[in-house]
Amino acid sequence: MIKIRRSRERGQADRGWLQARFTFSFADYHDPQNMGFRVLRVINEDRIAPGRGFGPHAHRDMEIMTYVMEGLLRHRDSMGEHHAIGPNEMQIMSAGSGVVHSEFNASESDPVHLCQIWILPSAEDFEPSYQQVGFAPSDKEGRLYLLAAPVDSREPALTTIRQNVRIYVAALGVDEQVHHSLDPGRYGWIQVTNGQVAVNGRTLDQGDGAAVSDEPELAVIGTGSGGEILLFDLP
Amino acid sequence: MTPMTPVHVLLVFQSRTGRTEKLTLAAAVGAVQARADIRLRRLTSVREESGEHDETLDRMLREYVPPTVADARWADAVIIAANGKIAGLSVDLDAAKAYGKQIAADTRACLDSK
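Residues numbered from 1 in each chain as written. Chains lettered and ligands numbered in written order. Predicted model: local features only at pLDDT ≥ 70, side-chain atom pairs only at ≥ 80, totals over all residues. Heavy atoms only, no water.

A word on unusual backbone geometry. All names here are of chain A. With a phi angle near 50°, aspartate 61 is a residue other than glycine that sits in the positive phi range. Phi at asparagine 88 is positive, roughly 60°, even though this residue is not glycine. When you line up the elements, asparagine 88 lands in the loop between strand 8 (82-85) and strand 9 (89-94). (Helix = DSSP H or I, 4+ residues; strand = E, 2+ residues; numbered from the N terminus.)

Per the stated rule, a full pass over the model turns up 16 salt bridges over all chains. Here aspartate 61 of chain A ties to arginine 35 of chain B by a salt bridge, and the two come within 3.7 Å at their closest N and O atoms. Placement of the pair is aspartate 61 of chain A in the loop between strand 5 (53-59) and strand 6 (63-70) and arginine 35 of chain B in the loop between helix 1 (19-33) and strand 2 (37-42), with the two residues belonging to separate chains. The salt bridge partner of aspartate 125 of chain A is arginine 35 of chain B, with a shortest N-O separation of 3.5 Å. Residue aspartate 125 of chain A is found in the loop between strand 11 (112-119) and strand 12 (129-134), and its partner arginine 35 of chain B is found in the loop between helix 1 and strand 2; the two belong to separate chains. Taking the relative accessible area as the measure of exposure, aspartate 125 of chain A reaches 44% and is therefore partly exposed. Salt bridges sharing common partners tie together Arg60, Asp61, Glu124 and Asp125 of chain A together with Arg35 of chain B. (Salt bridge = Lys/Arg side-chain N within 4 Å of Asp/Glu carboxyl O. Buried < 20%, exposed > 50% of the residue type's maximum accessible area, 1.4 Å probe, protein only.)

Moving on: the nonpolar core. Residues and elements named next belong to chain A. Grouped together as the largest cluster of nonpolar side chains are 27 residues, with contacts concentrated most on Met65, Leu147 and Phe232. Among the elements of the structure, strand 4 (40-48), strand 6, strand 9, strand 11, strand 13 (145-149), strand 15 (166-172) and strand 20 (217-234) are those that each provide at least two residues to this core. Those residues within four positions of methionine 65 in sequence are excluded, and the remaining contacts are Met90, Gln91, Ile92, Cys115, Gln116, Ile117, Leu147, Ile167, Leu230 and Phe232. Among the nonpolar cores identified, the runner-up in size contains 21 residues, and Leu172, Leu182, Val197 and Val199 belong to it. (Core = buried A, V, L, I, M, F, W, Y, C linked by side-chain atoms within 4.5 Å. Contact = heavy atoms within 4.5 Å.)

Next up on the list: the interface of chain A and chain B. Contact residues are listed per partner, giving 17 residues for chain A and twelve residues for chain B. Taking both sides of the interface into account, the surface hidden between chain A and chain B amounts to around 1200 Å²; carbon and sulfur atoms contribute 59%. Taken as a group, Pro56, Arg60 and Val100 of chain A account for 37% of the area that chain A buries against chain B, more than any other trio of residues on that side. At the boundary of chain A with chain B, the tally comes to three salt bridges. One can count five residue pairs in polar contact (both at pLDDT 80 or more) joining chain A with chain B. Every element with two or more residues in the side of chain A that touches chain B is listed here: strand 5 and strand 10 (99-105) of chain A. In terms of residues, the side of chain A that touches chain B owes the most to one element, strand 5 of chain A, which gives four residues. (Buried area = accessible area lost by both parts, 1.4 Å probe. Polar contact = N/O pair within 3.5 Å; in protein donor to acceptor, adjacent residues only side chain to side chain.)

Below, the structure written as structure tokens:
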């Protein structure tokens, strides 16, 4: 079964400097029917104005992934990490027992457009950690490229995540196709970060998401002028 | 069993070089580890408004907002951090003291009204 969460149906916030879309309940947006999917708790798509951002705030017991589509995000945290994150990079902050961080648009002239994803960890009170790794744009072109997987994953991944989740990215040109098998008892979520794709024949546009249950095989094809997806293989 | 309501901790600091900010962040992480909800606020001083800027100061001015009485009302506990030992920075301590007095006055007014 594929259940589509359309972009226009998402929750939203407009603070002037921030245009946010919430796939699941977040902050002031509360929808009991959309509290998450499996261990996925948050998928937010943010557009942040130049020089603006989120001041220091705390997290604990959450795997927080940031994927920038356009622009540069400046990250600073209580672990002493201070970086700018741009496209074709994977950032995972494992909040564990507790971190404080801030996130600001690093540019004074251009907006930053990103997805931030929160995943429940497999246990509480992990030691907090930070990973940020870049990859070549060609790594994701026409194939599923593994951005994150558990530390004991057989398939090598760019980063590790403290949950039994595998996160892929794929950029698909028109009619380009990728396939993914979901093992028995596994679930999928596909989030379109750019363009348009079809998942097992169902068309998804930018900002759309799809919850996948009891579908052992997924075929994702670039439609329209092609598209980019994040694919989550979930317990 | 009813889940425990998290304790609200307000951390207010004055910092110009980032050193007291770093100490406050460490205290904030400690509070989060103890499962508290936190708010971080930075006191500003008159000297900053007179054009004395550097990269750290500019960043802190951008990232933090000053504390309000509403923050104090939200808080179950307040931690105020300021450098009180350097004579030249006494204005920082003055700002911290002023905020402390404001909180005390507000608390007194709340108690008197009950």
